[in-house]
Amino acid sequence: MSAARDPRPLTGEPLALDLLNTRWNREGVTQDLLADTEGLAVWLAGNGLEYEPDVRTLRHLHQARDALGAAVGGRPAEGAPLVDAVLEHGRIRAGLTANGPTERAEFTDASWGPAWLAARNYLELLATAPDRIRSCAHEACILHFFDTSRNGTRRWCSMAACGNRAKASRHYARSKDS
């Protein structure tokens, strides 16, 4: 069985931000890919995660999304314990194989896997470049992205969508003032 097409306007971000981007605005109305297990199946497939798209996994992802939303949304004192609560359900097990050192994630319950992986990914982003974790600058957009531009000045989730709307608004304002 193949998952349905992902309807979100922005995909392909690191896992933590992609989880946040399961909510987006369309014509002033907030959409939620994780409203049900069908949307969960789409999100899991889109991220190459082979977990059961069941109600428990969905509930754990909602918890992780809320925690990451608080942490990324400029409320780290509130978000940190919430992210930690998700991280308590898994750990990294170090090991050695014939090919060398290895690490693998272990979970107290497999239904925590996707939520834990997203929370862990957020820690990796913070360790890599916390200043590159961004919210789209368009006032009507609620999407997030990891700025991989060379000079680190990306402002929009998508230049084709939000960036273009901002440019069009500025152009309209200038022409109206003339």
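Located above this text is the structure these notes cover.
Residues numbered from 1 in each chain as written. Predicted model: local features only at pLDDT ≥ 70, side-chain atom pairs only at ≥ 80, totals over all residues. Heavy atoms only, no water.

Core analysis: the largest hydrophobic core is formed by 41 residues, its most contacted members being Leu-19, Trp-43, Leu-68 and Cys-157. For this core, the element with the highest residue contribution is helix 3 (residues 55-72), accounting for seven residues. In contact with Cys-157, not counting residues within four places along its chain, are Leu-10, Cys-136, Cys-141, Leu-143, Phe-145 and Cys-162. (Core = buried A, V, L, I, M, F, W, Y, C linked by side-chain atoms within 4.5 Å. Buried < 20%, exposed > 50% of the residue type's maximum accessible area, 1.4 Å probe, protein only. Helix = DSSP H or I, 4+ residues; strand = E, 2+ residues; numbered from the N terminus. Contact = heavy atoms within 4.5 Å.)

The next thing to look at is unusual backbone geometry. Positive phi is not limited to glycine here, since Glu-27 has a value of about 50°. Structurally, Glu-27 is set in the loop between strand 1 (23-26) and strand 2 (29-32). Looking at Glu-27, the relative accessible area reads 81%, which means it is exposed.

The pairing of strand 3 (residues 90-97) with strand 4 (residues 100-107) spans eight bridges and is classified as antiparallel. The residue bridging Thr-97 from the neighbouring strand is Gly-100, located in strand 4. Counted along the chain from strand 3 to the antiparallel partner strand 4, the turn is two residues long. (Pairing = 2+ DSSP bridges.)

Moving on to helix 2 (residues 37-46). When we look at burial in helix 2, the residues that qualify are Gly-39, Leu-40, Val-42, Trp-43 and Leu-44. Its buried side turned inward, helix 2 meets helix 1 (15-20), helix 3 and helix 5 (113-128). Where helix 2 begins, the capping side chain belongs to Asp-36, and its oxygen is found 3.2 Å from the backbone nitrogen of Glu-38. Count one or two residues on from helix 2 and you reach Gly-48, which has phi positive near 65°. (Polar contact = N/O pair within 3.5 Å; in protein donor to acceptor, adjacent residues only side chain to side chain.)

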